[in-house]
Amino acid sequence: MRVLSFITAAAALASTVVANTETSLLTYTVSCKTTYIVQNGDTCSKIGKNFNIYTSKIKKWNPSINAGCTNLYIDQILCLSAPTTQSSAVVIGTSTTRPSTSTKTSSVTATTTVLTLAGSQCTTNDDCAGTRCCNLFTNQCVLDPNGTICDIIPTGNGAAQPTSSSDATSCYAGSYGLRKGDGYNGYCCKDQSDCLDDCLNGSCNGPVNTKTTSTAKKTSTTIKKTTTTATSPTTTANPDTCYPGSFGLRNGDGYRGYCCKDQSDCKDDCIKGSCNGPVNTKTSSISVTKTVIKTTTTAATPTSAPTGLTVQISSSKDFCLFLPPSPGNKVDNGGKQDIDAIANSEKFAVAFCTKPNINAPGAGLLPDGFITKATYQTNSAAGFVQVRGSIDIAAYSLSPKDEGGQYDDHGAGSPPLSTCAGYPYYVSLIEPNTATFCIRCCETYNDCHAGRSAYGCDRVVPAL
């Protein structure tokens, strides 16, 4: 196993896609001894402060992060130590025209420590990014595609227990605990015996009561998001918040825990009026009270994502696509260029990336010159990210007669078990006849609809 540094692998091997013969593919897996999984509301500064790591180090160890650290995504794996890149020559093309998982080099799985942060992420849906909402039982931001988790208001010991009174906060009164089986949609229920259909999270499912709307009034509790305006620290030190001596001076000498007005006061970042970064080891005469954030560590492999079946999108220069395992799908087409290479490989394609990435283990590298133009776009409110662009089909021996095809994770997936890092849905089209490509990763299926492949990129993944 040849181990290279991440940067060396990205630069020196960027043009190497296929190993010495067309029956093997050079793939890459990035690993590091310490990782962190991005949570809702995370920023580079916040992560750096929690783990006492310079943000410059975080960006160095994770080259996919942009200059402003605005392209983090939830469930993204970050290296919090120096990464290494392992390369393997994977045999492709078998009697069943599927890529083999065997490698020509031995593999060593290193133990990785995964750091996590304890504590709540939210108190209202407004605290959650994208289409995520707040699970009020756990105070964690979650995806709720079936509407069975969020907006359920805990009472008592944490379980949703509507009462039979008319002041129920999340359902209609009149059926709870009566076991009459007459509860319409939205009526309070203790169990299924209270409802015409099922009892889901304390509220009846099934038919709506169309006969009356006056006798039972459903009330809902709206949890308003409150905004707290932070008060800037003064030049007088408050030993319970931060050290004095740097606030507003713009000298860039503020150690960790020193009061700051903005980043110019600190050696690193200014976060909520307090400098992040290195600790002043020369003096300990002033004590600072800090909130302790608990961390847990577990021994794990760098990622549980399927090898060679995970794509990721970080920027226009750092993303992945699915392609046939061999140029022009020749290995699976008797050594000849396949004029339907994309469509014919939908069930056994593999991931190729612009550079090795820890979130796309076992992926190959896109051929040098294959991507001629790429545009990265996001819709943070809808919770999706996409890249559209153009390709040089000759760089991967694709036929100009190839009308393309679609890769997605609908059902069993095309290819099966394929996924996009950090997102439950993805859809991607490669269209050699128009020399275009597109890929979108989404939090909701409607934004990554898999039933429109015939319409092409302009319909499936339109420009924003």
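Since this is a predicted model, take the numbers as computed values, not measurements.

(A) Up close: the pairing of strand β19 (residues 371–379). Of the strand pairs in this sheet, β19 and strand β20 (residues 384–391) are connected by eight bridges, and their pairing is antiparallel. Residue pairing for β20: Ala374 is matched across the bridge by Gly389.

(B) Representation of the environment of Arg132. Checked against the element boundaries, Arg132 lands in the loop between β6 (112–117) and β7 (133–135). With relative accessibility at 9%, the residue Arg132 sits in the buried group. A sequence separation of 249 residues divides Arg132 from Ala381, and the C-alpha atoms of the two residues are 9.6 Å apart. A distance of 2.5 Å separates a polar atom in the side chain of Arg132 from a polar atom in the side chain of Glu443.

(C) Representation of the packing of aromatic side chains within the structure. Inspection of the entire model under this criterion finds ten aromatic pairs. Ring geometry for Phe322 against Tyr407: centres 6.1 Å apart, planes inclined by 55°, an arrangement best described as tilted. In this pair, Phe322 sits in strand β16 (residues 318–323) while Tyr407 sits in strand β21 (residues 405–408), placing the two residues 85 residues apart along the sequence. Residues Phe322 and Tyr407 agree in their burial class; the two are buried. Between Phe322 and Tyr426, the aromatic rings sit 5.6 Å apart at their centres with planes inclined by 35°, giving tilted as the arrangement. One end of the pair, Phe322, is in strand β16; the other, Tyr426, is in strand β23 (residues 425–431), with 104 residues separating them in the sequence.

(D) Inspection of the sheet that holds β23 at higher detail. If you walk across this open sheet you meet the five strands as β19-β20-β24-β23-β21, and the pairing is antiparallel. Of all the strands in the sheet, just β19 and β21 have a single pairing partner and so form its edges. Taken over all neighbouring pairs, the strand axes of this sheet differ in orientation by 10° on average, direction set aside. Pairing analysis gives seven bridges linking β23 to strand β24 (residues 436–442), with the strands arranged antiparallel. Along β24, the bridge assignment pairs Tyr426 with Cys441.

(E) Spotlight on the state of the cysteines. All chains considered together, the criterion is met by ten disulfides. Note that Cys32 is cross-linked by a disulfide to Cys79, the S-S spacing being 2.2 Å. The sign of the -95° torsion about the S-S bond sets the Cys32-Cys79 disulfide as left-handed. Linking Cys32 in the loop between β2 (24–31) and β3 (34–37) with Cys79 in strand β4 (residues 77–79), this pair joins segments that are 47 residues apart in sequence.

(F) Geometry of helix α2 (residues 44–51). Buried residues of α2: Cys44, Ser45, Ile47, Gly48 and Phe51, and no others. Seen end-on, α2 carries its buried residues on one side only, within an arc spanning 165°. Phi turns positive, to about 55°, at Asn52, one or two residues after α2.

(G) The nonpolar core, seen in detail. The biggest cluster of nonpolar side chains holds 37 residues, and the ones touching the most others in it are Phe322, Leu323 and Ile430. Looking at this core, the element that brings in the most residues is β16, giving five residues. Apart from residues lying up to four places away in sequence, Leu323 is in contact with Ile342, Ala349, Val350, Phe352, Leu366, Phe370, Tyr396, Tyr407 and Ile430. Ile47, Ile65, Leu72 and Ile77 belong to the second largest nonpolar core, which has 20 residues in total.

(H) Local environment of the environment of Ala454. On the secondary structure map, Ala454 appears in the loop between β24 and α5 (457–460). Judged by its relative accessible area of 78%, Ala454 is exposed.

(I) Representation of the pattern of salt bridges in the model. Counting across every chain of the model gives two salt bridges. A salt bridge links Arg132 to Glu443, with the shortest nitrogen-to-oxygen separation between them at 2.5 Å. One end of the pair, Arg132, is in the loop between β6 and β7; the other, Glu443, is in the loop between β24 and α5, with 311 residues separating them in the sequence. In terms of burial, Arg132 and Glu443 fall into one category: buried. Where Asp458 meets Arg388, a salt bridge forms, and the shortest distance between an N and an O atom there is 3.1 Å. Here Asp458, found in helix α5, pairs with Arg388, found in strand β20; they are 70 residues apart in sequence, far enough to count as distant.

(J) Region of interest: the confidence of the model for the protein. Residues with a pLDDT of 70 or more make up 75% of the protein, whose mean pLDDT is 78. Counting contacts from residues 94–109, a segment whose pLDDT is below 50, to residues more than four positions away or on other chains yields 34 contacts. Considering only residues more than four positions removed or in separate chains, one finds that residues 156–169, a stretch of pLDDT under 50, has 29 contacts.

(K) Inspection of the environment of Cys320 at higher detail. Relative to the helices and strands, Cys320 is located in strand β16. Cys320 sits 31 residues away from Ala351 along the chain, and the two C-alpha atoms are 6.5 Å apart. When sequence neighbours within four positions are dropped, the list of residues in contact with Cys320 reads Val311, Gln312, Phe352, Cys353, Ala360 and Ile439.

(L) Quick look at the side chain of Gln386. Its place among the elements puts Gln386 in strand β20. Under the relative-accessibility criterion, Gln386 is labelled buried at 0%. Sequence-distant contacts of Gln386, defined by excluding residues within four places in its chain, comprise Ile313, Thr375, Tyr376, Gln377, Ile439, Arg440, Val461, Pro462, Ala463 and Leu464.

Cut-offs applied
Residues numbered from 1 in each chain as written. Predicted model: local features only at pLDDT ≥ 70, side-chain atom pairs only at ≥ 80, totals over all residues. Heavy atoms only, no water. Pairing = 2+ DSSP bridges. Helix = DSSP H or I, 4+ residues; strand = E, 2+ residues; numbered from the N terminus. Buried < 20%, exposed > 50% of the residue type's maximum accessible area, 1.4 Å probe, protein only. Polar contact = N/O pair within 3.5 Å; in protein donor to acceptor, adjacent residues only side chain to side chain. Phe/Tyr/Trp six-rings, centres within 6.5 Å; stacked < 30°, edge-to-face > 60°. Axes fitted to C-alpha atoms, helices over the stretch in contact; angles between N-to-C directions. Disulfide = S-S within 2.5 Å. Arc of directions from axis to C-beta. Core = buried A, V, L, I, M, F, W, Y, C linked by side-chain atoms within 4.5 Å. Contact = heavy atoms within 4.5 Å. Salt bridge = Lys/Arg side-chain N within 4 Å of Asp/Glu carboxyl O. pLDDT = per-residue confidence, 0-100.

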